[in-house]
Amino acid sequence: KGMGRMQIQPVVHVLDDDIAIRDALGVLLQSTGYGVRLYDRAEQFLSALPIEEPGCLILDMNLDQSDGLELQRLLTQTRSTLPVIVVTGYANVRTAVQAMRGGAVDFFEKPFDRHRLLSRVHEAVAMDCEAHAEHERRQAVLARLGALTPREREVLELVVAGRANKQVAAQLGISMKTVEAHRAHVMAKMKAESLAELVRVVTETKSVLIDEGDAPSSSV
C-alpha cells in the first residue's frame, strides 16, 4: 500500500565510507526486498539526484571528506522528501540534536542493532511511499485543472468560492443554462462526484501549492 499503481520497488540509499558496514547493510537490505544503492562519498550520492523512486537514505554522519549535516542541508534546499536515517561511530548529544533538527527520522550509534535499524527503514520507506503517492495525486489534480477551458476555470473559481449558479451567471454575464453546462463539464473533467469533493480537492491542492511556493498565476 502507498507504492502507487506501478508498485515501484523502493530503494534504500546507503552512504558510508566504511566498506564493511556499507556492504553488510547492502546485503541485509537486499535480503528484505529493497533495491539498494551504495555510495562512499557525498558527491557520488548527490550526482544521483533527483531520486525518482520512494525509499530512504542511511547516512554516515562522519564521512572522511564531507559532513553529513551539510548533506542534510543540501537535501532540504532541494526540497527532497527522502527520509534520512543517520548513523555515526562518534555520537554526541549535539550531533544527534543537529541531525534530528535537520530532518533526520532517527539516529543510530555504531555498532547498531540491525533489527531496530531495519524496522526504522521500513517505517521511513512507508512514509516516503505515501509522500510519493500524495505527490502523484496532486499532479493528477493539476493536470485536470490544466484541461479546463478559461471559462470553465472561471466557473470553477466561483463555484469553489460558494457562488450559486444564478450568481455565477450574473457575474459572468452568461445564462443559467450555460453555467449548468460548464459546471457539468468541470465536474466531469475534475472527476468529482459531488460539489463537496470538488471544493475539497481544489482547496487542498491550492493550499499545498501556496505552501510550496508554486501557486499558479490563476487564483484557482
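Notes on the structure in this doc start here. (Residues numbered from 1 in each chain as written. Predicted model: local features only at pLDDT ≥ 70, side-chain atom pairs only at ≥ 80, totals over all residues. Heavy atoms only, no water.)

On to the environment of Arg73, then. When you line up the elements, Arg73 lands in helix H3 (residues 68–77). Along the sequence, Arg73 and Gly103 sit 30 residues apart, while their C-alpha atoms lie 8.9 Å from each other. (Helix = DSSP H or I, 4+ residues; strand = E, 2+ residues; numbered from the N terminus.)

Within this structure, the stated rule accounts for 11 salt bridges. Among the ionic pairs, Asp60 bridges to Lys110, the shortest N-O distance being 3.6 Å. Linking Asp60 in strand S3 (residues 55–60) with Lys110 in the loop between strand S5 (106–109) and helix H5 (114–146), this pair joins segments that are 50 residues apart in sequence. The class of Asp60 is buried, set by a relative accessible area of 2%. (Salt bridge = Lys/Arg side-chain N within 4 Å of Asp/Glu carboxyl O. Buried < 20%, exposed > 50% of the residue type's maximum accessible area, 1.4 Å probe, protein only.)

Moving on to helix H4 (residues 93–101). The set of residues buried in H4 consists of Thr95, Ala96 and Ala99. Taken around the axis of H4, the buried residues stretch over an arc of 100°, which confines them to a single face. Facing away from the buried side of H4 by over 90 degrees, the exposed positions are Val93, Arg94 and Arg101. Elements that come into contact with the buried residues of H4 comprise H3, strand S4 (84–88) and S5. Remark: Gly103 follows H4 within two positions and exhibits a positive phi of approximately 110°. (Arc of directions from axis to C-beta. Contact = heavy atoms within 4.5 Å.)

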